[in-house]
Every structure is written in structure tokens, then in C-alpha cells.
Amino acid sequence: MTHARSPFWAAVGLAGTLLYAGLAPQALAEPQAGARKLALLVGISRYERPERYPPKNKSQQPPDWWNLNTRNDVERINLVLRDRFKFVPADVLVLTDGQATRQGIIDAFRSHLVDKARPGDIVYFHYSGHGQQIPDDNGDEIDGQDESLVTADYVSQSALDNARSNLRDDTIGQLLAELKARMTPPGARKVLGNITLTFDCCFSGSATRGGNLPQGSGRLPNRGRGWIEEYEGKPLDGPRPVPSAQTRARGTADDSSGLLDAGEAVASGYVLLTATRSDQVAKEKRDENAIPMGAFSYYFVRALDKATARTTYRDLFEQVSSELTGDIPGQDPTKEGEDSSLLFSGTAVPADPYLLVEDFDETQGVVTLPAGRLQGVTAASRYAIFPRGEDVKDKENQFAEAVVSDVKTTSSVARLEGDRVKWPPAREFKSARAVETSHGFGDCVLLLWLEGIDGPIAREIQKLKVVSSKDVTKETYEVFVHPDETDPLNNIVVERKDGGLQKFSTKSPETPKRIREELFGAWKWKYLSRLNNGGPDSLINVDLRLVAVDVQFTAAHKVDLTKLKVREDIKPEGRRITVTEGDFVMLEVRNLSERRPAFITVLDMTPTREITAAFPYFGEVPKFEAAPAAENAPWVSLRQYLFRTKMSTDKDSEVDRYKAFGTMEDANLNALVFQRQGERGGDEVRRGVARGRGGPNHGLARLLGAAVLGEDPDPPPNQGPPPAQLRGADPLVAEVTDWGTAEFVLEVRRKK
């Protein structure tokens with residue numbers, strides 16, 4: 001078991017930052033009557049300018065910034081603001097590419113936001129593009145560098161060139177001060193209303209991590225880079241600035257993204273959520289339709305789409321953090337400041353608890369639903385169909401059931417089940433209400449790109465049902481298997497999209513099996529990362545965290561569990577905690593379910609892609625009773641599950657993700673994850689599942705069983721035939737109400 005962490009919060013710069021300013025939490029329970037909602041969205045994709053330098057002279061100039069994929073960022077944010085938070089289209093201004101010059105952004109901020117805003121309004125600003133560190137021009141930066149946005153009229157990649165063209169953090173701070181002054185009532189210290197800013201960019205990395213990637217590499221670009229003195233043997237940013245003695249004497253960095261002076265974030269009620277730590281870069285990913293966009297923006301939009309009127313900035317951060325770190329290891333969002341305020345002053349429009357059937361094909365026996373991959377619909381999910389206008393909470397009103405067989409980007413097709421004779425007339429299906437009763441997970445496959453691989457290794461890989469190379473390209477792969485470029489005859493490389501890389505000798509007879517296990521581990525990580533459930537629709541909701549503790553030892557040199565003391569100097573920040581190698585940490589859980597006990601299992605998803613049981617190690621899964629009031633449920637310290645953190649690699653920090661699963665009955669989930677692939681036969685693992693009272697027919701147990709076996713467990717009785725689109729596999733589904741999940745991130749820093 002490895003536990004790796006790095007510092008929670010250094011000077012983060014603007015890197016993928018979400019900044020909120022507003023009233024105290026209790027004052028934000030209701031938005032101001034007649035509050036106007038204003039938004040300015042900026043996205044710059046076109047940075048390269050081939051016409052700027054003649055080919056023969058280009059090599060003598062500092063290079064251009066590389067192009068990005070930001071159009072999808074602003075389009076999807078615009079859509080969710082309008083649909084879920086009812087921003088009026090005329091009050092959302094979008095600047096893209098050539099419109100987003102330095103002066104263009106400043107003018108739009110002042111004319112569209114500052115001039116129009118009034119106390120009580122809701123104001124939002126978003127930027128997607130490159131970020132850059134440039135020399136500090138007024139001595140206010142501890143590291144001697146200003147953070148800045150690379151606007152459309154930048155000069156070059158050179159920090160010295162862009163010192164006069166980029167949009168500095170000081171200028172952004174001035175614009176924010178003007179907006180705050182406009183929205184602060186006379187005599188008040190804080191704004192009345194809501195100011196939110198997000199930045200999907202960064203100022204970190206090195207020449208290899210943040211530099212431009214070669215064409216055809218198959219990877220999407222990073223958004224920004226760190227300071228590079230020379231590039232390809234020629235000066236680029238020049239010598240790194242040295243902070244003045246005055247700034248060095250401060251001793252600590254700003255507590256914000258660089259927009260504000262030290263301490264102002266907390267004093268003014270700001271909340272900052274950043275897409276990356278100060279030592280990381282902001283990355284891009286492909287959405288459900290294979291269109292590239294910012295990874296932070298993607299998960300930010302998903303979180304906004306699921307928000308309710310009671311969603312806080314803490315809630316938003318926890319969802320973004322869980323999904324982003326699960327998908328892209330090495331990009332860890334952070335937060336700072338008061339995070340209990342309601343998102344956009346609590347103006348999220350409640351999502352309908354049902355979908356309206358758009359069409360009914362009586363010949364094929366299928367209905368069309370107005371939701372697809374974008375909304376999280378998956379194949380094999382089951383929907384109950386109710387008449388239009390009827391209460392969907394009363395099961396007596398249900399007149400049909402359908403299973404999703406085909407999923408498109410924004411729509412899906414579900415096949416009706418049961419006796420056609422009992423179906424109502426076709427006209428009754430139009431605008432009928434469809435409610436999801438179980439969610440399918442069986443369509444999760446690892447996208448593999450094979451190049452130059454054949455023989456026993458290719459045959460071994462093809463045995464994995466969870467891997468697919470069909471129609472996978474350099475742009476869409478998740479794992480790339482190919483001969484080592486430096487030694488193709490002796491080594492094979494398994495390379496993950498996130499940069500993880502393993503080499504295997506072609507001479508070893510164990511290599512085919514080891515590569516298969518490596519791919520299976522990557523799939524298992526992806527699969528379990530997607531198993532998320534909970535919220536108001538679930539009967540079971542659980543919570544999880546880790547706390548740092550001081551320990552005392554007995555005369556027998558064992559930890560005295562009766563004298564553990566929670567450390568005050570190391571506290572969880574949201575859903576993550578940062579410790580130093582050698583520190584002791586302890587698991588804590590709680591049951592947030594309303595009047596229902598929960599059986600809780602905790603899994604450890606390690607940096608090496610192993611899945612192990614963190615709690616319990618063996619025996620029956622303990623039952624945790626519900627508190628009289630779920631919101632006041634106490635934390636239960638699992639003193640027997642205390643461990644000392646240890647690094648397993650030579651990296652400066654490592655990250656573990658812990659995931660808690662809560663069920664209504666003892667499904668004995670730990671029996672599944674104790675076994676590694678191939679350690680025991682599938683029959684024995686299945687018998688292990690059956691020992692739990694939930695048995696192998698518990699939906700969540702079957703899902704986790706698939707993660708261990710690498711194949712679909714035996715389907716429960718009366719499950720019915722699977723849809724053809726599931727590659728002949730039995731559908732992996734789980735009820736949406738009888739289980740819940742929670743995640744927590746542990747980061748361990750190397751002791752210096």
C-alpha cells in the first residue's frame with residue numbers, strides 16, 4: 001500500500017482557478033429578488049500564427065504559443081448557465097480567439113460586468129486559454145513573477161516579450177476591485193450578491209511537461225507552462241526573476257491565486273477552486289462526443305449540471321475533485337477560503353425527476369429518450385415508464401419498463417419489455433414520463449491503441465473482454481502499447497494517456513501475462529472510478545475522510561490505540577489531506593442516510609493502479625446506524641485501521657484515492673477486492689461473494705465482482721437477455737437507490 005502526498009497549497013497562481021466572492025453563508029440562502037445574472041466567457045483556441053514569420057526566418061524568432069481546444073469549454077458552460085441557472089442569453093457575452101485581446105477582455109469586463117452590475121446581482125467570469133509567468137513589475141510577488149493570461153494579441157512565448165502584452169494578475173485584481181465596489185452597498189464591507197470567476201489555464205510545469213507537444217503524438221495539449229530560460233539552445237524567458245529582499249522577507253506566499261493580497265480571500269469571503277496545484281499543468285480531455293476541451297471545464301460543467309439550490313462551493317469542489325483526479329492522475333484541484341456559500345446564490349433550477357419520452361416506435365417496440373452520453377445515460381440502464389402527468393413516485397402508476405439499448409450524444413433508445421398485449425395505446429407513450437430505476441455500467445471498456453505488436457502478446461491482450469481497439473486512434477486511445485523507440489527489439493512499452501509508462505522485456509516468457517495484467521489494472525481503475533452513486537435519490541448516503549494523528553507506543557513497542565490524538569496542524573481540506581512520509585493517518589466514516597443503517601466498505605485505489613481493501617481487512621462488514629438527523633451524523637474513528645504512510649516510488653509525492661461504498665445489506669464487498677486477478681479461480685471468488693448476506697445478486701456486488709474477475713459475473717435470475725450493443729455480455733446494473741459512494745484523496749510528500 002502506498003500513500004503519497006505533496007503540499008496542499010503553495011502559491012497556486014491563476015491555475016484553473018474558481019474564485020467566489022459573496023455574502024456570509026446564512027445571507028445567501030435566498031437570491032435577491034430581481035437579481036440580474038451576468039456572465040463573460042472567454043476562450044482562446046487559435047494561438048499559432050504561421051503567417052507572422054516567413055519560414056526562413058521563423059527559426060530565429062521565439063516560438064508561438066500552441067493552439068488549444070477551448071471552444072467546447074465556453075459553449076458547454078454557456079449552455080449549462082442558461083439551462084440550469086437561467087442566465088438570459090442577452091446577459092451572457094462570449095469572446096473567442098481574435099476578440100479576446102488584452103484590451104478587448106478589459107473593455108468587455110468593464111462594459112458587460114462592472115457597468116451593468118448592481119448590489120444583489122450574480123456575476124460570473126470564465127477564461128480558457130494559456131497562462132504564463134512573467135517578471136513582476138511592482139514588487140508585489142514573493143517569487144518575483146506575475147501570473148498572467150496569454151491574450152490573442154500576445155507577442156511570442158517569451159516572458160520578456162509578453163510582459164507588455166499579457167493580462168497581468170494585478171490588472172485582473174483591479175477589475176475585480178471595480179466590480180466589488182459596484183456591488184457593495186454603502187457602509188458594507190462585502191459585496192451583496194455573488195461574484196464567481198473560473199480560469200482553466202495554468203502557470204506550472206517544465207519544458208517537458210508544459211512545452212508544446214509534437215504533432216501526431218496523440219496527446220492533447222497542456223494549457224500553459226512554467227518558466228523556461230532556454231528552448232532548443234536559444235534564449236526564451238531568460239534568467240528566472242529573483243524576488244526582492246522586501247518580498248522575500250514576507251516569508252509566505254499569497255493565500256490566493258495571485259489575484260489578491262495575502263489574507264484577502266478569507267477576509268472578503270472568497271472561495272477559490274483550482275484545477276491544478278502550483279506544481280502541475282492544466283490538461284485537456286475529450287468529451288462524450290470525442291470533442292477536446294479543458295479537463296477542468298469538463299468536470300466543472302458536469303458538476304454544475306448536477307447542482308441543486310442547496311449545492312455549496314464545497315459540494316461542487318468535491319465532485320469536480322473526485323471525477324477529475326480519477327480520470328487524470330497528476331491534475332489535482334484545490335480550494336481555499338470560505339466554501340460553505342451556496343453556488344450562484346442557490347439559483348440552480350431543480351432538475352426534473354423524469355425524462356419525457358420523445359418518440360415511440362411500435363413496430364420495433366422502442367422509445368426515444370431526450371438524454372444521452374452527455375447526460376450520463378448508459379446502455380443496460382432500466383427505466384420505469386409512467387403516464388404523462390402522473391406521479392412518478394407512486395409505483396402503481398407505472399405501465400411499462402424499458403432497457404436502454406443504444407446511446408447517442410444527447411438521446412438514447414430503450415427497448416420495451418414485457419407482453420406487447422399489455423402495452424397501452426401508442427399515443428400514451430408520447431410525452432410519457434421515464435424514471436431510471438437501475439444504472440448500467442457494462443459499457444466501460446479501456447480504449448487500446450496497438451502498434452507493431454503481434455504474436456503471443458497480441459493474443460494475450462485479445463483475451464481481455466474489457467479492452468477494445470476497434471476504431472481507436474492516436475487521438476482517442478487511453479493506453480498505447482508499442483515497441484520501445486530506443487530499443488524496439490528488447491522492450492515493449494505500455495503507455496497511459498496520463499503519462500504513466502511501463503516497460504517489459506521481449507525476452508521474458510512472463511511478458512504477455514504481465515502486459516495483460518497491466519491493462520487489466522488500468523481498466524479496473526477506470527471502472528471503479530465511474531462507480532459513483534448517492535444524493536437525494538439514494539436511500540443510502542455515506543461519507544469518508546482520513547485524519548492525521550499523533551501516536552504513543554506501549555512498552556511492547558506497539559501503538560496504544562487508546563491514546564491517539566488528532567493533529568491540529570494537519571487538517572483535511574475538502575475531500576483531501578496532505579501529509580509527510582512517515583505520518584500516521586486514520587480512517588473515519590459516517591452514515592448520512594435518513595433512518596437507515598449502512599454497511600460500509602472502503603477501497604484503496606493506489607497510484608500503481610492496484611485496488612485493495614482498506615476497511616475491513618477481513619470478516620463481516622460492520623453496520624453503522626443512522627443518526628437521528630443525517631446532517632449531524634457523527635464521524636466514527638476506525639482506530640484499528642491506523643497506518644503509517646510510506647512512499648513506494650522515487651517521486652516527490654504520491655496520491656491514493658480512497659472510495660467508500662455503503663449498502664443496505666452486508667454485500668461482503670471486501671471479499672471481492674482482496675483477490676488480485678488470477679490469484680484464485682473465478683468460481684472461488686464468486687463463492688466469496690455468496691458468503692455475504694447480500695449474495696451475488698446484490699447489484700453493487702456484481703459490479704465490483706466484474707472489476708476483480710475482468711469479466712461479467714453470472715447474471716441474477718430473471719435478468720432477461722442483454723441488449724445486443726453490450727458485445728454479448730450480460731448487463732452490469734445496480735439499483736440507483738440502495739447504495740452510495742464517497743471518495744477521499746490522500747497525498748504523501750517525501751520527507752526532506
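## As for the pairing of strand 19 (residues 400–407)
When you tally the buried positions in strand 19, you get 6 out of 8 residues, the bulk of the element. Alignment of strand 19 against strand 20 (residues 412–416), held across 5 bridges, turns out to be antiparallel. When the sheet's bridge partners are listed, Val 403 is paired in strand 20 with Arg 415.

## Section: helix 9 (residues 313–327)
Note on helix geometry: an α-helix contains 3.6 residues per turn, so any two residues three or four positions apart are oriented the same way. End to end, helix 9 covers 21 Å across 15 residues, agreeing with the expected 21 Å (1.5 Å per residue, within 8%). Among the 15 residues that make up helix 9, 11 are buried, leaving the element largely enclosed by the rest of the structure. Along helix 9, the positions that sit buried rather than exposed are Tyr 313, Leu 316, Phe 317, Glu 318, Val 320, Ser 321, Ser 322, Glu 323, Leu 324, Thr 325 and Gly 326.

## Structural notes on the pattern of salt bridges
With the rule as written, the count across this model stands at 29 salt bridges. The partner of Glu 588 in a salt bridge is Arg 545, and the shortest N-O contact between them spans 2.7 Å. With Glu 588 in strand 30 (residues 584–591) and Arg 545 in strand 27 (residues 542–550), this pair connects stretches of sequence that are 43 residues apart. Ionic pairing is found between Glu 625 and Lys 623, a salt bridge with its closest N-O pair at 3.7 Å. According to the relative accessible area criterion, Glu 625 is exposed, its value standing at 54%. Each of Glu 318, Asp 543, Arg 575 and Arg 590 takes part in a single network of salt bridges with overlapping partners.

## With respect to the environment of Pro 239
Relative to the helices and strands, Pro 239 is located in the loop between strand 10 (234–235) and helix 6 (245–248). For Pro 239, a relative accessible area of 69% translates into the label exposed. Taking the C-alpha atoms as reference, Pro 239 lies 5.6 Å from Glu 229; in sequence the two are 10 residues apart. Discounting chain neighbours no more than four positions away, the residues touching Pro 239 are Trp 227 and Glu 229.

## Remarks on the packing of aromatic side chains
For the structure shown, the criterion picks out 20 aromatic pairs. Aromatic side chains Phe 399 and Phe 429 sit 5.3 Å apart centroid to centroid with 80 degrees between the ring planes, which places their arrangement in the edge-to-face category. Here Phe 399 is found in the loop between strand 18 (382–386) and strand 19, whereas its partner Phe 429 is found in the loop between strand 20 and strand 21 (433–440), with 30 residues between them in sequence. The class for Phe 429 is buried, based on a relative accessible area of 0%. When the ring of Trp 449 is compared with that of Phe 480, the centres are 3.9 Å apart and the planes differ by 15 degrees; the resulting orientation is stacked.

## Some remarks on a negative patch on the surface
Taken together, the side chains of Glu 390, Asp 391, Asp 394 and Glu 396 present a region of like negative charge at the surface. If you trace the backbone, Asp 394 turns up in the loop between strand 18 and strand 19.

## What to know about the pairing of strand 21
Burial of strand 21 is extensive: 6 of the 8 residues sit out of reach of the surface. Of the pairings in the sheet, the one linking strand 15 (residues 355–356) to strand 21 comprises 2 bridges and is antiparallel in character. Looking at strand 21, one finds that Leu 355 is bridged to Ala 434.

## Here we look at the confidence of the model for the chain
On average, the chain scores 76 in pLDDT, and the residues at 70 or more come to 72%. The spread of mean pLDDT over the elements of the chain runs between helix 13 (residues 682–690), the lowest at 33, and strand 3 (residues 92–96), the highest at 98. Across residues 22–30 the pLDDT falls below 50, and counting only partners more than four positions away or on other chains, this stretch makes 21 contacts in the model. Low pLDDT, under 50, characterises residues 205–218; the stretch is placed with 26 contacts to residues that sit more than four places away or in other chains.

## Regarding the sheet that holds strand 23 (residues 467–468)
For sheets, the rule is that strands pair by backbone hydrogen bonds, running either parallel or antiparallel. In space, the 5 strands of this open sheet follow the order 23-22-24-25-26, with mixed pairing throughout. Because the sheet does not close on itself, it has two edges, and the strands there are strand 23 and strand 26 (501–505). Two strands pair when backbone bridges link them, and strand 22 (residues 446–450) and strand 24 (residues 479–483) are joined in this way by 3 bridges, in the parallel orientation. Considered in strand 24, the bridge of Leu 450 is made with Val 481.

## A look at the packing of helix 10 (residues 455–462) against helix 11 (residues 511–530)
Remark: helix 10 packs on helix 11, axes separated minimally by 9 Å, with the N-to-C direction vectors making an angle of 35 degrees. The way helix 10 lies across helix 11 gives a crossing that is right-handed. Between helix 10 and helix 11, the residues in contact are Pro 456, Ile 457, Glu 460 and Ile 461 and Thr 511, Pro 512, Lys 513, Ile 515, Arg 516 and Leu 519, respectively. Along the lines of polarity and charge, the residues of the contact of helix 10 with helix 11 split into 6 nonpolar, 1 polar and 3 charged.

## Some words on the environment of Ser 345
Position of Ser 345 among the secondary structure elements: in the loop between strand 14 (334–337) and strand 15. Taking the relative accessible area as the measure of exposure, Ser 345 reaches 4% and is therefore buried. As a C-alpha pair, Ser 345 and Ile 195 span 150 residues in sequence and 9.6 Å in three-dimensional space.

## Digging into the side chain of Asp 543
Tracing the backbone through its elements, the reader meets Asp 543 in strand 27. Overall, the relative accessible area of 8% leaves Asp 543 in the buried class. A distance of 2.7 Å separates polar atoms of two side chains, one belonging to Asp 543 and the other to Arg 575. Setting aside residues up to four positions removed in sequence, Asp 543 forms contacts with Arg 575, Glu 588, Val 589, Arg 590, Leu 592, Trp 635 and Ala 742.

## Observations regarding the nonpolar core
Residues Val 42, Phe 109, Phe 125, Tyr 127 and Leu 179 are the most contacted members of the largest nonpolar core, which totals 34 residues. Looking at this core, the elements that each hand over two or more residues are strand 2 (37–43), helix 3 (102–114), strand 4 (122–128), helix 5 (169–183) and strand 8 (194–200). Residue contributions to this core peak at 6 residues, all from helix 3. Here Leu 179 is in contact with Phe 109, Leu 113, Val 114, Ala 117, Val 123 and Ile 195, once residues within four sequence places are set aside. In terms of nonpolar packing, the next biggest core, distinct from the first, is built from 31 residues, Leu 41, Met 293, Tyr 313 and Phe 344 among them.

## A closer look at the sheet that holds strand 34 (residues 636–644)
The sheet built from 4 strands is open, its strands ordered 28-27-30-34 with antiparallel pairing. Of all the strands in the sheet, just strand 28 (565–566) and strand 34 have a single pairing partner and so form its edges. Sheet topology places strand 27 next to strand 30; 8 bridges connect them, and they run antiparallel. Its bridge partner being in strand 30, Asp 543 is matched across the sheet by Arg 590.

## A look at the state of the cysteines
By the definition in use, this model includes 0 disulfides. Unpaired in terms of disulfides, Cys 201 finds its nearest cysteine sulfur in Cys 202, a separation of 7.0 Å. We classify Cys 201 as buried; its relative accessible area is 0%.

Thresholds, definitions, all that
Residues numbered from 1 in each chain as written. Predicted model: local features only at pLDDT ≥ 70, side-chain atom pairs only at ≥ 80, totals over all residues. Heavy atoms only, no water. Buried < 20%, exposed > 50% of the residue type's maximum accessible area, 1.4 Å probe, protein only. Helix = DSSP H or I, 4+ residues; strand = E, 2+ residues; numbered from the N terminus. Pairing = 2+ DSSP bridges. Expected span 1.5 Å × (residues − 1). Salt bridge = Lys/Arg side-chain N within 4 Å of Asp/Glu carboxyl O. Contact = heavy atoms within 4.5 Å. Phe/Tyr/Trp six-rings, centres within 6.5 Å; stacked < 30°, edge-to-face > 60°. Patch = residues over 30% accessible without salt bridge, like charges linked within 9 Å, V, L, I, M, F, W, Y side chains within 5 Å. Areas by Shrake-Rupley, 256 points an atom, 1.4 Å probe, with all protein chains shown as cover. Lys, Arg positive; Asp, Glu negative; His and termini not counted. Charge placed at Lys NZ, Arg CZ, Asp CG, Glu CD. pLDDT = per-residue confidence, 0-100. Axes fitted to C-alpha atoms, helices over the stretch in contact; angles between N-to-C directions. Left-handed = near helix turned anticlockwise from the far one by under 90°. Nonpolar A, V, L, I, M, F, W, Y, C, P; charged D, E, K, R; others polar. Polar contact = N/O pair within 3.5 Å; in protein donor to acceptor, adjacent residues only side chain to side chain. Core = buried A, V, L, I, M, F, W, Y, C linked by side-chain atoms within 4.5 Å. Disulfide = S-S within 2.5 Å.

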